[in-house]
Amino acid sequence: QYKTLEARINSPRRKALFDQLTTSRASYIAEMDTLLKLVQSGDQAEAKRVLLDGVRPRQLAHQKDLAALTQFQETMMDEAAAEAQATVAEASWISLGGAVLGIVIAAVAGVLVTRSVTRPVAAAVNALETVARGDLTVEVRVDRSDEVGELQSALAATVRSLRQVVGEVRSG
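Overview of the structure. (Residues numbered from 1 in each chain as written. Predicted model: local features only at pLDDT ≥ 70, side-chain atom pairs only at ≥ 80, totals over all residues. Heavy atoms only, no water.)

**Digging into helix α4 (residues 147–171)**
Consideration 1: The end-to-end C-alpha separation of α4 is 36 Å, in line with the 36 Å expected for 25 residues at 1.5 Å each.
Consideration 2: Looking only at α4, the buried set comprises Val 148, Gly 149, Gln 152, Leu 155, Ala 156 and Val 159.
Consideration 3: Those residues of α4 that are buried lie in contact with α3 (44–132).
Consideration 4: A side-chain oxygen of the first residue of α4 lies 3.3 Å from the backbone nitrogen of Val 148; this N-cap is Asp 146. (Helix = DSSP H or I, 4+ residues; strand = E, 2+ residues; numbered from the N terminus. Expected span 1.5 Å × (residues − 1). Buried < 20%, exposed > 50% of the residue type's maximum accessible area, 1.4 Å probe, protein only. Contact = heavy atoms within 4.5 Å. Polar contact = N/O pair within 3.5 Å; in protein donor to acceptor, adjacent residues only side chain to side chain.)

Have a look at this one:
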């Protein structure tokens, strides 16, 4: 298990803490083996001394090293969480900016498209109103090739035809 864990370590600080933990663990296990042999041999006095002077200090050192590694891991997790939150916040701002930019582009495009239709149609309406008042001197500009341009062209043809008819009526 320690070998698998050791292979996944990617930080020099984490590696140093892990090495210290491994060293203190090995020392603790070696002292525990000595204690077990003394207990099995029946040497209670020496076993007590090894327990108090050998096992216990090594156990405390191992626990201290384990706590240090755990604390380091918790700090690294906190930093990773903060970094992830910052990335999420940045992505949120970028998404919001993109949405606002999209709305602005759509609004500008809507205004431009609306103007490109309403202005020529308004000019055609003005020309028709002028003709309706009897003024056939109006000039209809045909400056487009789309449906609005077709409307302009038809209106210009109508005005020309009306001029021709009025001219023919006057002459004769």
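So, next bit.
**Describing the packing of α3 against α4**
Consideration 1: Contact geometry for α3 and α4: axes closest at 10 Å, N-to-C directions at 15°. In terms of orientation, α3 and α4 fall into the roughly parallel class. Considering only the axes of α3 and α4, their crossing is left-handed. Only Val 148, Leu 151, Gln 152, Leu 155, Val 159 and Leu 162 of α4 make contact with α3, whose side of the interface consists of Val 117, Pro 120, Val 121, Ala 124, Ala 127, Leu 128 and Val 131. (Axes fitted to C-alpha atoms, helices over the stretch in contact; angles between N-to-C directions. Parallel < 35°, antiparallel > 145°, perpendicular 65-115°, else oblique. Left-handed = near helix turned anticlockwise from the far one by under 90°.)

**A short note on the pattern of salt bridges**
Consideration 1: Summed over all chains, the structure comprises six salt bridges.
Consideration 2: The partner of Lys 15 in a salt bridge is Asp 19, with the nearest N and O atoms 3.1 Å apart. Of the two residues, Lys 15 and Asp 19 are both situated in helix α2 (residues 12–41); the distance of four residues between them amounts to about one turn of the helix.
Consideration 3: You can call Asp 19 partly exposed: its relative accessible area is 32%.
Consideration 4: With a shortest N-O distance of 2.4 Å, Glu 46 and Arg 49 are connected by a salt bridge. Taken together, the positions of Glu 46 and Arg 49, both in helix α3 and three residues apart, correspond to about one turn of that helix.
Consideration 5: We classify Glu 46 as partly exposed; its relative accessible area is 27%. (Salt bridge = Lys/Arg side-chain N within 4 Å of Asp/Glu carboxyl O.)

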